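Secondary and tertiary structure notes
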Amino acid sequence: MSDDRSTADRAGGAATVSNSSRGPGLLRSIAHRLADDADVLPVEGHLPSFDMATRWLNSDPLTPEGLGGRVVLVDFWTYTCINWLRTLPYVRAWAQKYRQGLVVIGVHTPEFAFEKNLENLRRAAQQMRVEYPIAIDNDYSIWRAFKNQYWPALYFIDARGRVRQHQFGEGEYERSEKTIQQLLAEAGAAGISGGPVSVDVTGLEAAADWDNLRSQENYVGYERNQNFASPGGVEPDRRRLYAAPARLALNQWALAGEWTMGRQATVLSSSNGRIVYRFHARDLHLVMGPPDRGKPVRFRVLIDGKPPGAAHGADVDADGNGTAGEQRLYQLIRQPGSIGDREFEIQFLDPGVEAFAFTFG
């Protein structure tokens, strides 16, 4: 979510640079499949250089030569991606369990412009407990060197610097861990446990309710939004008074109030602006926030016209009240009971918020 990846999409539990539509309930992961023998890992290429990294966090710069003799797991991520967030508990656990022979490198390739900010990334990494080395890839140089197209994307590199496997999107955790174990065994590592890691997933990191997920990620900027239903349609880059229709079909959304819809984000010009969205999912998230962390924006959430109660997300109380103090992904709805078509509404009590993308789980 984009510089030269202006058509980035998240499809099937992965964000992808393509022109395809998003459908997170249809394909949960896109993975390399071995044709004959599950124990045979082909050579897919060699580990590219990390010299193009803008900067490193949690480590001095790493090189393929310096990593020789170690198994390497390269994880492409961007910190507002819900698909990556749901894989993080496993990557974190692998980094800890296999630390004697495995090096995990998180390549942070940002989707939104605010994710390029070093302090934003540093704060997000600390909050999310990403303690392994992070190569900052603001220019997409490492992304292109790997010919990557997805968030999240895992590349498994053996001790000789050869790419032996990859995994695109969520899922396949046991298979990925077996790949790590096999590469460590090939490298002569001793004492590798055959069992999978045990992870405690809560909050944003909890797996999606795939059986009830009928809403796909949708962008709020004009470049990539879908199903916009405000009368008169989009007026790009123009401050305008929008209205919401009386009824929305499933997966339609609308603005109400004075907004400016930009390429990546839509910006509220005055207080009491609203976004309404008819969705079908357990969880609803919104990437949003004020451009200035010193100017928080208060908001109120409703579901089917009422406070969310037990269906409130981690960033909202039972009465629907919350505050956006920084630009990040906010969990606004997590329904505990039966899932059906619901009408979500968020009203911003202060101006200035930037809204980027809705995601669901």
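Residues numbered from 1 in each chain as written. Predicted model: local features only at pLDDT ≥ 70, side-chain atom pairs only at ≥ 80, totals over all residues. Heavy atoms only, no water.

So, about the side chain of Gln331. Mapped onto the secondary structure, Gln331 falls in strand β20 (residues 328-334). Overall, the relative accessible area of 3% leaves Gln331 in the buried class. Within the structure, Gln331 has its side chain in polar contact with the backbone nitrogen of Ala314 (distance 2.9 Å). For Gln331, the contacting residues outside a window of four places in its chain are Gly203, Leu204, Leu284, His285, Gly313, Ala314, Asp315 and Val316. (Helix = DSSP H or I, 4+ residues; strand = E, 2+ residues; numbered from the N terminus. Buried < 20%, exposed > 50% of the residue type's maximum accessible area, 1.4 Å probe, protein only. Polar contact = N/O pair within 3.5 Å; in protein donor to acceptor, adjacent residues only side chain to side chain. Contact = heavy atoms within 4.5 Å.)

Here the focus is the pairing of strand β18 (residues 297-303). With respect to burial, β18 is a largely interior element, five of its seven residues being buried. For β18 and strand β19 (residues 321-324), the ladder comprises four bridges, and the chain directions are antiparallel. Looking at the pairing, Val297 lines up with Ala324 of β19. Where β18 meets strand β21 (residues 342-348), five bridges bridge the pair, whose relative direction is antiparallel. In the strand pairing of β21, Leu302 is matched with Glu345. (Pairing = 2+ DSSP bridges.)

Contact pair helix α2 (residues 88-97) / helix α5 (residues 173-186): the axes reach a minimum separation of 11 Å and the direction vectors enclose 25°. Between α2 and α5, the angle falls in the class roughly parallel. You can see that α2 and α5 cross each other, and the crossing is right-handed. Facing α2, whose interface residues are Tyr90, Trp94 and Lys97, α5 presents Tyr173, Ser176, Glu177, Ile180 and Gln181. For the contact of α2 with α5, a count of residues per class yields four nonpolar, two polar and two charged. (Axes fitted to C-alpha atoms, helices over the stretch in contact; angles between N-to-C directions. Parallel < 35°, antiparallel > 145°, perpendicular 65-115°, else oblique. Left-handed = near helix turned anticlockwise from the far one by under 90°. Nonpolar A, V, L, I, M, F, W, Y, C, P; charged D, E, K, R; others polar.)

A few words now on the environment of Pro42. Within the element layout of this structure, Pro42 appears in the loop between β3 (29-31) and β4 (45-46). Expressed as a C-alpha distance, the spacing of Pro42 and Arg162, which sit 120 residues apart in the sequence, is 9.4 Å.

Going through the model one piece at a time under the given rule, you end up with 24 aromatic pairs. Pairing Tyr277 with Phe358 gives two aromatic rings, centres 4.8 Å apart and planes at 55°, and the pair type is tilted. Residue Tyr277 is located in strand β16 (residues 273-279), and its partner Phe358 is located in strand β22 (residues 354-360); the two are separated by 81 residues in the primary sequence. Within the aromatic cluster, the residues linked to one another by ring pairs are Phe76, Tyr140, Trp143, Phe146, Tyr150, Trp151, Tyr155 and Phe168. The lysine or arginine in question, Arg240, covers the ring of Tyr242, its NZ or CZ lying 4.1 Å from the ring centre. (Phe/Tyr/Trp six-rings, centres within 6.5 Å; stacked < 30°, edge-to-face > 60°. Lys NZ or Arg CZ within 6 Å of the ring centre and 35° of its normal.)

Before going further, it helps to spend a moment on the pattern of salt bridges. Using the criterion set out here, one finds 24 salt bridges in the structure. Close ionic contact of Glu258 with Arg239 constitutes a salt bridge, the shortest N to O distance being 3.1 Å. Of this pair, Glu258 sits in strand β14 (residues 253-261) while Arg239 sits in strand β13 (residues 239-242), placing them 19 residues apart in sequence. Residue classification places Glu258 among the partly exposed positions, given a relative accessible area of 25%. For Arg282, the salt bridge identified is with Asp283, shortest N-O distance 2.7 Å. Note on accessibility: Arg282 and Asp283 belong to one class, buried. (Salt bridge = Lys/Arg side-chain N within 4 Å of Asp/Glu carboxyl O.)

All of the buried residues along helix α3 (residues 118-127) are Asn120, Leu121, Arg123, Ala124 and Ala125. The inward-facing, buried residues of α3 contact β5 (55-57), β6 (71-77), β7 (102-108) and β8 (134-136). Phi turns positive one or two residues past the end of α3, at Arg129, with a value near 60°.

What follows concerns unusual backbone geometry. Cis geometry is adopted by the peptide bond preceding Pro152, which originates at Trp151 and carries an omega value of -15°. Within the secondary structure, Pro152 is located in the loop between β9 (150-151) and β10 (153-157). Although it is not a glycine, Asp237 adopts a positive phi angle of roughly 60°. Along the polypeptide, Asp237 turns up in the loop between β12 (218-219) and β13. Residue classification places Asp237 among the exposed positions, given a relative accessible area of 52%. Non-glycine residue Asn251 carries a positive phi angle of around 75°. Looking at the element boundaries, Asn251 is found in the loop between β13 and β14.

Here we come to α5. For α5, with 14 residues, the first-to-last C-alpha span of 20 Å sits near the 20 Å given by 1.5 Å per residue. Within α5 the residues assigned to the buried category are Ser176, Glu177, Thr179, Ile180, Gln181, Gln182, Leu183 and Leu184. Buried positions along α5 lie against β6, α2, β7, β10 and β11 (162-169). Gly188, located one to two residues past α5, shows a positive phi value of around 90°. (Expected span 1.5 Å × (residues − 1).)

Across the protein chain, the average pLDDT comes to 90, with 89% of residues at or above 70. The low-confidence segment residues 1-12 (pLDDT under 50) makes 74 contacts with residues lying over four places distant or belonging to another chain. Segment residues 17-38 is flagged for pLDDT under 50; beyond a separation of four residues in sequence, or across chains, it makes 64 contacts in the model. (pLDDT = per-residue confidence, 0-100.)

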